[in-house]
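What the coordinates show
Chain by chain, the residues run as shown.
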Amino acid sequence: MQQKLYPVIDMVETGKNIMRLREERGMTVRDLQAYFGFAEPQAIYRWQSGKTLPSVDNLYALSALLEVPMEDILVPTKHKISIYHPEQQVETCCSHRFGWDIALSAA
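First, a word on scope: everything that follows refers to the structure included in this document. A quick note: this is a predicted structure, and the numbers were derived from the prediction, not measured.

With that out of the way, let us pick up the pattern of salt bridges. In the structure shown here, the tally under the stated rule is four salt bridges. For Lys16, the salt bridge is made with Glu13, and the minimal N-O distance between the two is 3.2 Å. Of this pair, Lys16 and Glu13 both sit in helix 1 (residues 11-24), three residues apart, roughly one helical turn. Here the salt bridges do not stand alone but share partners, grouping Arg20, Glu24 and Arg25 into one network.

Looking now at the side chain of Thr14. With respect to the helices, strands and loops of the structure, Thr14 is situated in helix 1. When its relative accessible area of 0% is taken as the criterion, Thr14 is described as buried. Residues in contact with Thr14, not counting those within four places in the same chain, are Ile9, Leu53, Ile73, Leu74 and Val75.

Moving on to helix 3 (residues 42-49). Among the residues of helix 3, Ala43, Ile44, Trp47 and Gln48 are the ones counted as buried. Along the long axis of helix 3, the arc covered by the buried residues comes to 135°, so they all point the same way. Residues of helix 3 that are buried in the fold lie against helix 1, helix 2 (29-36) and helix 4 (56-66). Just beyond helix 3, the residue with positive phi is Gly50, at close to 80°.

This part is about the packing of aromatic side chains. A full pass over the atoms with the stated rule returns four aromatic pairs. Seen in terms of ring centroids, Tyr35 and Phe36 are 5.1 Å apart; in terms of plane orientation they differ by 85°. Their pairing is edge-to-face. With a centroid separation of 5.3 Å and 85° between ring planes, the pair formed by Phe36 and Trp47 is classed as edge-to-face. Highlighted residues: Phe36 in helix 2 and Trp47 in helix 3, separated in sequence by eleven residues.

Calculation notes
Residues numbered from 1 in each chain as written. Predicted model: local features only at pLDDT ≥ 70, side-chain atom pairs only at ≥ 80, totals over all residues. Heavy atoms only, no water. Salt bridge = Lys/Arg side-chain N within 4 Å of Asp/Glu carboxyl O. Helix = DSSP H or I, 4+ residues; strand = E, 2+ residues; numbered from the N terminus. Buried < 20%, exposed > 50% of the residue type's maximum accessible area, 1.4 Å probe, protein only. Contact = heavy atoms within 4.5 Å. Arc of directions from axis to C-beta. Phe/Tyr/Trp six-rings, centres within 6.5 Å; stacked < 30°, edge-to-face > 60°.

Printed below as a string of structure tokens:
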């Protein structure tokens with residue numbers, strides 16, 4: 001198997017992007033809260049601060065609300081995860097999450 005670059009989402013930059021797109025459309029956090037039917041606005045604040053990402057369903061709905069493709073909401077990191085053959089020595093990063101031997105590389 002060849003080395004493959006695995007894209008990674010930059011959560012902080014994605015959060016800033018969500019905030020920017022929301023503000024450009026004149027929407028408030030409370031507007032998004034109401035749209036998603038959330039009892040409290042904390043989920044929106046966590047997205048904007050980069051602590052969490054919207055679920056796939058919420059990302060899809062957010063893209064419809066903001067009238068942009070989902071890819072225009074997500075911001076990739078400058079680093080990508082390289083997937084290597086198991087026999088190669090690598091610095092582990094998130095292998096416990098994916099079950100892969102991986103390392104970070106500059107893109």
